[in-house]
Amino acid sequence: MVFITSPNHKTLNLNLNPKTTTLQTLKLQIEQTSHIPISQQRLFISQSLQLLTQSDSTLLSDLNISPLSTLTLHIPLFGGTQPPAVPKPRLDFLNSKPPANYVAGLGRGATGFTTRSDIGPARSAPDLPDRSATTIGGAAGAAPPGAGRGRGKPEEEEEDDGEEKGYDENQKFDEFEGNDVGLFASAEYDDEDKEADAVWEAIEQRMDSRRKDRREARLKQEIEKYRASNPKITEQFANLKRQLYTVSAEEWDKIPDIGDYSARNKKRKFESFVPVPDTLFEKARKEQEHVTALDPKSRAATGTETPWSQTPVTDLTAVGDGRSTVLSLKLDRLSDSVSGLTVVDPKGYLTDLKSMKITSDAEISDIKKARLLLKSVTQTNPNHPPGWIAAARLEEVAGKIQAARQLIQKGCEECPKSEDVWLEACRLASPDGAKAVIAAGVKSIPNSVKLWMQAAKLEHDDSNKSRVLRKGLEHIPDSVRLWKAVVELANEEDARLLLHRAVECCPLHIELWLALARLETYDNAKKVLNKAREKLSKEPAIWITAAKLEEANGNTSVGKIIERGIRALQREGLVIDREAWMKEAEAAERAGSVATCQAIIRNTIGIGVEEEDRKRTWVADAEECKKRGSIETARAIYAHALTVFLSKKSIWLKAAQLEKSHGTRESLDALLRKAVTYRPQAEVLWLMGAKEKWLAGDVFNARKILEEAYAAIPNSEEIWLAAFKLEFENHEPERARLLLAKAREKGGTERVWMKSAIVERELGNLDEERKLLAEGLKHFPSFFKLWLMLGQLEERLNHLDKAKDTYDSGLKHCSNSIPLWLSLANLEEKMNELSKARAVLTMARKKNPQNPKLWLAAVRAELRHGNKKEADILMAKALQECPNSGILWAASIEMVPRPQRKTKSMDALKKCDHDPHVIAAVAKLFWLDRKVDKARTWLNRAVTLAPDIGDFWALYYKFELQNGTDENQKDVLKRCIAAEPKHGEKWQPISKAVENSHQPTEAILKKVVVALGKEESAAENNRQHYVKWLIEKEKYWKEKLVHSVLYYWNFCSRIPFY
């Protein structure tokens, strides 16, 4: 095989034997391969650049050409011709100077003209000579030589004239100033001009900066307007893209591939249909036959080769027999012929057979080419380790593992100092031979850490691994990796001795020092850390470890150690990174060193923070730590912040919330006691302390706290109401009545009068309740709740006319109160049916436009009376007036037929994606479709967005009762109790009922669930009645139609025919 390097830098591969091939044969082969004539071939030996000029009958071996030699092919350039000149552009004359006296267009009869830009600025006419004073001879004598008629002035005279003009007529034309280039075009540009230009430039920049904000705002507004009117394709389909996460993998697979519907592929296809010849059917029949015998041609070929014309064998029985034969051959090859025992994995031999890769002809040729190139690489540069590694891996891929081992072994001989070659040899070697290979490797390269680590991995016993690693440490005592590996294998006593030696050999590695300190006793650990601090004076981990050591031994000097450490590090020039130290504090908290964590925060939290940014930065740091679960770190940050900002109520509240969520009742009580000491005027702190005592069952201390709060803030209505609630909820109505009476005497607000009426209502004192409400309305006629309570009182007593008068009076004072309008509409519907209630709701919508609650009440009133069409019309108007109302969209979803609800829910989510009412309505759809997981997800989202609405909690709890486990039910119940919901269309009537006034949240939740069940049952019964009514109506009309037909038939039968 001979390689030829052609002029185009490509290598030709000629399969020739230099001992039997002549020079003439070589040239003929080159001509056949590259189409270069023999007459133009010049061959050189690549290494010596010797020209082969011998006779054509000379053998290549006589010319010192051996197999795998490389020759260079050169083609001479004959003749002395020059390359053709580059042609000039066609319009080159436009850039050249015109000839003298040239007038454009003169040949076609045009007349030349002159403009002002050609002659320059205006100037006075030159002095003309006096023709009368000159004679013909004088004129001729005065003329310079060579100045004949029509030739103009000489060149020297023209240049002088140009200097007198003060400008250049051939200068470049200026678009702004014409050809004059300003008044001072010929003046020099000196320092004063430069200074003036700088001043004007500064003025321009100043004026531009003053207009910058308005210009940028206007530009931003124009861009937003343009984007709103011309949205991108991605923005138009963004709402559809958001729903793609609901598509399952099976639905993705069912989506068909889009075809090519471009115009160029929409050409009309002309299809012709012709009869099928019989030969085609005969061929198909033969292809489907089972071949059970060889034809004569195949027998002539001894049956080992299938002729080209034979039909492929499709006999499945023969294919199965062939596979069984291949399997038996595979098992025989893997069996041990000496002992007769098989070495095949009984569980994985089928997998191994399945993983066998049948390479194609192209892959085989690629492997051959790669093998040839890598062989050339290893022969030309045997000291190149990657070449040997690549050659061995190629043989491994080709399935020749033995050849790969031989190649890598030769690579180890050629490159004995390459650890990569030895590692590859160890990987390719058999399990028994790998140890021998790695032993030879460490002998050749005793300072290679990788080889010693690999040698330790080959050992299966820990003692042997430790022995190998210690042997490696004898050659490489400063290898941290080897020290770590040998320490991990040793027991505690041996590890301590090894670490003592390790820190002597590697004194600048902090992990070894810290590991040794953890293994030593308290006194020895202090000595170790002191030595480590001497060696590594800029390492903060040493000081932090020392603080943890002191904390673990019960010492109180943790803060001093951290403080000294920070000062020492700053003296060494180390920059204290606040974020890094906070991470160390969190790590100390996770390790159980709370005092160290607090000391780090206390000494580093203020580093690098401006004074005006301290509060905001510290609160943000505490919240981030809280999110990451570092509660002690957040508590330490708040504690330090409270030492600086003693009077900041917001920080006290943040710290109290942290203690309430993650602390104990004692720690929260201590924090609140300290808070009201520094902020005695903060009502919320007093109330939080009293509420925590009340929830803990300590009513006495809760009263005591409220007494102290009243002493600190004597005229606080919140404290009066909190004391009332404490007594009222603990079934002390008399004490609550006395407190409210004192509050009314001291000029209580409308809330005091309302609470007083509530107490009397619960006690059953209706006359006293009416009296208190009447007196309260005298003082506060614009407080709608008092009017509402008075009207509800009359309704309970069945005094409907008085209730109506009360609501009318209340609406005169509070025309914007939606609950009053709704109560009046419900009362009118009860008294005078739908017409009067419809008028009331219409009046309410006129006085309170764009109110979704009024629209919803009107729609539901129509539905209660069976006016479905009118309800749909009202709902359409409501959505036009309130397009972003969640309660209206939720009601519209429930109103439409079931097949249309999905489309309606998509429209609702486009308008109000984060509205809890819409999300709850969508969750109901998933619930009806039995999509339990999706329904649970959407219900959880609804209660997360609106935890104060009890209807969503009741719906969620009912769903879990039907479809969830006990754990899910308990979790929902626990979350509802913690949220303490107060609102909801179903929740409020039940929670504010007199019989449920002292019921806990759990009991009210279960009652609301029962009410939802009754409502669903009633709706189902109404639906069944409606269907039954439709069936009876249809039956009635059918019977009536039959009677009409019979009557008509009888009538027609009596008519005589003529």
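Residues numbered from 1 in each chain as written. Predicted model: local features only at pLDDT ≥ 70, side-chain atom pairs only at ≥ 80, totals over all residues. Heavy atoms only, no water.

### A word on a negative patch on the surface
Taken together, the side chains of Glu 188, Asp 190, Asp 191, Glu 192, Asp 193, Glu 195, Asp 197, Glu 201 and Glu 204 define an acidic patch exposed on the protein surface. In this fold, Asp 197 is placed in helix H5 (residues 191-210). (Patch = residues over 30% accessible without salt bridge, like charges linked within 9 Å, V, L, I, M, F, W, Y side chains within 5 Å. Areas by Shrake-Rupley, 256 points an atom, 1.4 Å probe, with all protein chains shown as cover. Salt bridge = Lys/Arg side-chain N within 4 Å of Asp/Glu carboxyl O. Lys, Arg positive; Asp, Glu negative; His and termini not counted. Charge placed at Lys NZ, Arg CZ, Asp CG, Glu CD. Helix = DSSP H or I, 4+ residues; strand = E, 2+ residues; numbered from the N terminus.)

### Comments concerning the nonpolar core
Of all hydrophobic cores here, the largest spans 109 residues; its most connected members are Trp 483 and Ile 637. Ignoring any residue separated from it by four or fewer positions in sequence, one finds Ile 637 in contact with Met 582, Ile 601, Ile 605, Trp 618, Asp 621, Ala 622 and Cys 625. By size, the runner-up hydrophobic cluster in this structure holds 78 residues, among which are Trp 821, Ala 857, Ala 908 and Leu 925. (Core = buried A, V, L, I, M, F, W, Y, C linked by side-chain atoms within 4.5 Å. Buried < 20%, exposed > 50% of the residue type's maximum accessible area, 1.4 Å probe, protein only. Contact = heavy atoms within 4.5 Å.)

### Structural notes on the environment of Leu 763
Tracing the chain through its elements places Leu 763 in helix H37 (residues 750-763). Sequence separation between Leu 763 and Pro 733 is 30 residues; the distance between their C-alpha atoms is 8.0 Å.

### Some thoughts on the packing of helix H38 (residues 766-779) against helix H39 (residues 784-796)
One way to put it is that H38 packs onto H39 with a least axis distance of 9 Å and a crossing angle of 150 degrees. Between H38 and H39, the angle falls in the class roughly antiparallel. As for how H38 packs across H39, the hand of that crossing is left-handed. Contacts between H38 and H39 pair Leu 766, Glu 769, Arg 770, Leu 773, Gly 776 and Leu 777 from the former with Leu 786, Trp 787, Met 789, Leu 790, Leu 793, Glu 794 and Arg 796 from the latter. Tallied by class, the residues present in the contact of H38 with H39 amount to eight nonpolar, one polar and four charged. (Axes fitted to C-alpha atoms, helices over the stretch in contact; angles between N-to-C directions. Parallel < 35°, antiparallel > 145°, perpendicular 65-115°, else oblique. Left-handed = near helix turned anticlockwise from the far one by under 90°. Nonpolar A, V, L, I, M, F, W, Y, C, P; charged D, E, K, R; others polar.)

### Quick notes on a positive patch on the surface
Taken together, Arg 206, Arg 210, Arg 211, Arg 214 and Arg 218 make up a surface patch of like positive charges. Listed by contribution, the elements that provide at least two residues to the positive patch are H5 and helix H6 (212-229). With respect to the helices and strands, Arg 214 occurs in helix H6. Arg 214 sits in the exposed class, given a relative accessible area of 56%.

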